[in-house]
Amino acid sequence: MSVSIDIDNVVKKYGDNTVIKGLSLHIRPGEFFTLLGPSGCGKTTLLRMIIGFNSIEGGTIQVDGTVINDIPVNKRNMGMVFQNYAIFPHMSVAQNVAFGLKQRNVPRDKVDGMVDEILKVVKIDHLKKRMPTQLSGGQQQRVALARAIVIHPQVLLMDEPLSNLDAKLRVEMRNAIKHIQQQIGITTVYVTHDQEEALAVSDRIAVMHDGVIQQVGSPKSIYQRPANRFVSNFIGLSNFFKATLRNEGGRPVVDFGSYREAMDNLDLSAAGKASGVQADGSAVTVAVRPEEFFIRPQDGNGMDAVVDSSVFLGIATHYFMTMADGQEVEVIKPSDTERIIPNGTAVKLGVDPARINVFNEDGTKTLIRTEGGEA
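Here the structure is a predicted model, which means the values were calculated and not measured.

S.K.: If you had to explain the packing of helix 2 (residues 93–103) against helix 4 (residues 137–149) to someone new, which residues and values would you point to?
M.R.: If you want to describe how two helices pack, look at the angle between their axes and the distance between the axes. Two elements in contact, helix 2 and helix 4, have axes separated by 7 Å at closest approach and are oriented at 30 degrees. Overall, the two elements helix 2 and helix 4 adopt an arrangement that is roughly parallel. Of the two elements, helix 2 crosses helix 4, and the hand of that crossing is right-handed. From helix 2, Val93, Asn96 and Val97 reach across to helix 4, where they touch Val143, Ala146 and Arg147.

S.K.: Would you mind going over the packing of aromatic side chains in detail, with residue names and values included?
M.R.: Counted under the stated rule, the structure contains seven aromatic pairs. Taking 5.3 Å as the distance between ring centres and 45 degrees as the angle between the ring planes, the aromatic pair formed by Phe32 and Tyr190 counts as tilted. Taken together, the residues Phe32 in strand 3 (residues 32–36) and Tyr190 in strand 8 (residues 187–192) connect sequence positions 158 residues apart. For the ring pair Phe230 and Phe234, a centre distance of 5.7 Å and an interplane angle of 10 degrees mean the geometry is stacked. Separated by four residues within a single helix, Phe230 and Phe234 lie in helix 8 (residues 229–234), roughly one turn from each other. Under the relative-accessibility criterion, Phe230 is labelled partly exposed at 22%. Taken together, the ring pairs connect Phe241, Phe256, Tyr259 and Phe293 into an aromatic cluster.

S.K.: So, the side chain of Lys348: which residues are in play, and what are the values?
M.R.: Looking at the secondary structure, you find Lys348 in strand 19 (residues 346–351). Side-chain polar atoms of Lys348 contact the side chain of Asp304, separated by 2.8 Å. Not counting the four nearest positions on each side in its chain, Lys348 is found in contact with Phe294, Ile295, Arg296, Pro297, Gln298, Gly300, Asn301, Gly302, Met303 and Asp304.

The rules behind each value
Residues numbered from 1 in each chain as written. Predicted model: local features only at pLDDT ≥ 70, side-chain atom pairs only at ≥ 80, totals over all residues. Heavy atoms only, no water. Axes fitted to C-alpha atoms, helices over the stretch in contact; angles between N-to-C directions. Helix = DSSP H or I, 4+ residues; strand = E, 2+ residues; numbered from the N terminus. Parallel < 35°, antiparallel > 145°, perpendicular 65-115°, else oblique. Left-handed = near helix turned anticlockwise from the far one by under 90°. Contact = heavy atoms within 4.5 Å. Phe/Tyr/Trp six-rings, centres within 6.5 Å; stacked < 30°, edge-to-face > 60°. Buried < 20%, exposed > 50% of the residue type's maximum accessible area, 1.4 Å probe, protein only. Polar contact = N/O pair within 3.5 Å; in protein donor to acceptor, adjacent residues only side chain to side chain.

Next up, the structure:
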């Protein structure tokens, strides 16, 4: 049976340095939940607090309604997969996977069957007699995963498990991990700094920065509707523009200077007022992802830009452009079967008002109205 994890106002300090600052999260039963953020943001520290490697200086962590703050690591019934795999080099695959079962005094007549079953789940049952030195990086990672879940833990914790693999193998393994997690239905907390990896495997993501949760949501909501400039810039790529809000006939309009777009999804009654933003004359920050631009002829409606260079990547072409004020932007468009826009071409750039994001001037709060709250 899957369990929930409730983290309530937890604090972690190292001397006078507070790394986790009163953080709270609810992780749903059976969920694949990812802690995502740059190095040093506190995500691994939080993971180690959950399993018990780090002490908790404030707040509580509950698993299935039970506070675990003072429960020893070996009594928490959790499995963990480390960045460096941590499999024993002197043991075979089967012996590595059986290790945790023997530590728990599982009867010998049951161990072999449980090991065989989990090796089939992670698709390395044909390697059970091999030693770690005879395995590829991906195979070693599957051994570490099998060892963590064969004990039937309540919670599976994974700390940057794919960072030591090459790019192609990372994609293969992240798909395998997601499939295995869905198959066994275990509540999983996953730590990574890789945005694409987080988007690919997660049911929900918590974006962290300096020990503080910036946003929690589905991969789709995090990418399409970031809560602030940090999230917008960390998840994927965004081009940022300074603009001004205008009121035209009771309708909010974003004024880029040489170009305007009406925005029907701005929430100026709640987020706007809280940020000191008015519907007329307030400075705002606009985030435009490369795929949210329209490239128009020079006599079209938009902001002036010049194509500096382009990169053809098959399904899409990436254009690198310079705006009239010298700002450099990246634009991605589906590859045209007819031609690639030549370097030096003057164009107009428009934006898709239904997709772009608008923040208050310092980028700390979104002004976009979202439906239904957290995804």
